[in-house]
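Next come the chains, spelled out residue by residue.
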Amino acid sequence: MVHLSHKFSTIPINFIPKQFSKHLPQQIQSQTTPPFIPFSQRQNQRSLLESQLISALNCCTSLTQIQQIHARILRKGFEQCCYVLTKLIRILTKMEIPMDRYAKLVFNQVENPNPFLCTALIRGYCLQGLVKESVFVYSEMRKKSVLPISFTFSALFKACGVVNDVDLGRQIHGQTILIGGFGFDLFVKNSLIEMYVKSGFLGCGRKVFDELPERDLISWTELIVGYVKAGDMESAGELFSELPKKDMVAWTAMVTGYAQNAKPREALEFFERMLNEGVETDEVTLVGVISACAQLGAAKYANWIRDIVENLGFSPTRCVVVGSALIDMYSKCGSVEDAYKAFNVMEEKNVFSYSSMIAGFAMHGYAYAALELFHEMVKIGIKPNKVTFIGVLTACSHSRMVEQGRQIFESMEEKFGISPGVDHYSCMVDLLGRAGCLEEALNLAETMPLEPNGGVWGALLGACRTYSNPDIAQIAANHLFELEPNAIGNYILLSNIYASAGRWNDVLMVRKMMREKGLRKNPGCSWLETKKGVIQEFFAGDMSHPRYGEMKQVLEDLLNRLKAIGYQPNMNSIAYDVSDEEKRRILITHSEKLALAFGLLDINADFPIRIMKNIRICEDCHSFICGVSQITRRVIIVRDNLRFHHFHDGKCSCGNFW
């Protein structure tokens, strides 16, 4: 007798008629195979499961969740599915999980990775700044004859742009040509333009742009932004005018470009055109316009943009980014009170809003208010950043708060884990120099762990001007001449220091250096806003203003009244070996004095006279305006290139320390 279990063990139970299967041993009955499923149905089930896995990966918010879904991927037999694993690597990249710790291990298990999976790994390496690793993956991909796709090259080009490796970018550019098929790929070409622009090779980017048979908004905008960052607003403007369809991004690039390149009037003109065209604006656009208003320092434009911000729904109450920009604008327009109002109404405050307000207090000489706000933000748990410390140290510097400045500087790393940068050392050198500690300031500049920049040596040189120390000034100037060989201000400052010390041969030596380099001094310029909201500009020594006769008479009357209370012109403010009479003539036509005279003629006594100046206010003009505020009972606010001076009743907010 044949044993049934042996006889039927190799016969699928579903092929045995039901009337006989019940007679089989229980062991055989339990070995029935699953019912037959058609191929198309199995494919549908697999596709459904793939979609479920992709959806589950999209919902992951932690590495633990990713690992759980990965385990499910393995259990369901999808360990070779490039489609699902591509998504897995992208999620790991999004969560900034180091590529070599997880994604690369997943990738290595796949026998035949497709272009999308390879590109996901390349992109992950690129986003984490590991360009060499991404290139290695690309090389291995090519060895296996896996053809790249558009996203492969765009990821590599972006990485090259981030690390400014144009040589590598050119090699990859060559790959797009050798492999072929990418000559008309707009996505790849736009990434290529971006790479050349970010690497500083605008000409190459322009050549790629000019050779494009078809362009989109990204093509145009990438190149416009490149010209903007290079400061070539003329080329940016030409491209913008040729752009067939201008969107918000292109308009914003122009507005912010003019603002960033110290062309605030043009920025405002473009913004007005943008509004007239009915183009939508966002926070970035508004911040650019607000920056332009801050540069002009005119209340008219400050109030104008504030109303626009409110009407567009970006009130500082709700929008912290715009609110922080408004704080900076009001501070630079001379109204720290309005800046503080904007700060107070903000429902949400962050490190940027606090830093803006601290900087505003600092530039207006309110050091104690700046320090109080700094301690407040720390108390409520907002961690200061590097910009915050620059504001606090500047406040200490402008108010001779040496010990407080030292303590805050030391606390940066000890308490907040922030390594001082070169700008913080510059603030400390400035703090020590302004307080007259020139030897200590020099020692700090020479022993600091970072390479001192022009800001450090410039701060020391400025302090030498205040305390008439030509020897240390020469040391600082020598460093500046190496770092900033064409910055004329350094030569002028050294010349003035020598002149104050009566070292006229050294003055002639510096002027000879200026002539040999072909350097020309930019004339002192001051501007103010008239009662009608018009910006009036005045240049030192310029007597062409239509109302110059009236202004001259005002200045002569003021000079006579000031002399009666003890004022004498400060001849050391003129660094020329000329007669005292000629020095007096030069001093009385300094640009801020001309602006002051016009302000007294034009602006009602109930309103402050706000003057902006492109260079540092000189000692004579400072004492002159102090006296004028006393004899006229007018509030006069002067913003020079360093800070604000609030003159009232014969006193200045800087305490004659600037």
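Our subject in this report is the structure included herewith. None of these values were measured; they are calculated from a predicted model.

Rules used throughout
- Residues numbered from 1 in each chain as written.
- Predicted model: local features only at pLDDT ≥ 70, side-chain atom pairs only at ≥ 80, totals over all residues.
- Heavy atoms only, no water.
- Helix = DSSP H or I, 4+ residues; strand = E, 2+ residues; numbered from the N terminus.
- Rg over C-alpha atoms; globule rule 2.2 N^0.38 Å.
- Buried < 20%, exposed > 50% of the residue type's maximum accessible area, 1.4 Å probe, protein only.
- Contact = heavy atoms within 4.5 Å.
- Areas by Shrake-Rupley, 256 points an atom, 1.4 Å probe, with all protein chains shown as cover.
- Lys, Arg positive; Asp, Glu negative; His and termini not counted.
- Charge placed at Lys NZ, Arg CZ, Asp CG, Glu CD.
- Salt bridge = Lys/Arg side-chain N within 4 Å of Asp/Glu carboxyl O.
- Pairing = 2+ DSSP bridges.

Details of the overall build of the protein chain
Looking only at helices and strands, one finds 35 helices and 6 strands in the protein chain. For the protein chain, the C-alpha radius of gyration of 35 Å lies well beyond 26 Å, the compact-globule estimate for 658 residues. Taken along the three principal axes of its C-alpha coordinates, the protein chain extends 140 × 55 × 50 Å. For the protein chain, with 658 residues in total, the buried portion stands at 49%. Within the protein chain, contacts between residues separated by at least 24 positions form 62% of all contacts whose residues are at least 6 apart in sequence. Carbon and sulfur atoms make up 52% of the accessible area of the protein chain, which amounts to about 32900 Å² in all. Charge separation in the protein chain, taken as the distance between the mean sites of 70 positive and 69 negative side-chain charges, equals 6 Å.

Quick look at the pattern of salt bridges
Taken as a whole and judged by the stated rule, the model has 19 salt bridges. Across the pair Asp 307 and Arg 306 runs a salt bridge, and its minimum N-O distance is 3.6 Å. Between Arg 434 and Asp 430 there is a salt bridge; the shortest N-O distance is 2.7 Å. Placement of both Arg 434 and Asp 430 in helix α26 (residues 422–434) is noted, with a separation of 4 residues, approximately one turn of the helix. Asp 430 shares its class with Arg 434; the two are buried. Within this structure, Lys 158, Glu 194 and Lys 198 form a network of salt bridges that share partners.

Let's talk about the pairing of strand β5 (residues 644–648)
Along a regular strand, successive side chains alternate from one face of the sheet to the other. Counting buried positions over the 5 residues of β5 gives 4, a clear majority of the element. Judged from the 4 bridges that link them, strand β4 (residues 636–639) and β5 form a sheet pairing that is antiparallel. In the strand pairing of β5, Arg 639 is matched with Phe 644. What sits between β4 and β5 in their antiparallel hairpin is a turn of 4 residues. The turn linking β5 back onto strand β6 (residues 651–652) is made up of 2 residues, and Asp 649 within it adopts a positive phi angle of 55°.

None of the figures reported here should be taken as evidence of function without further support.
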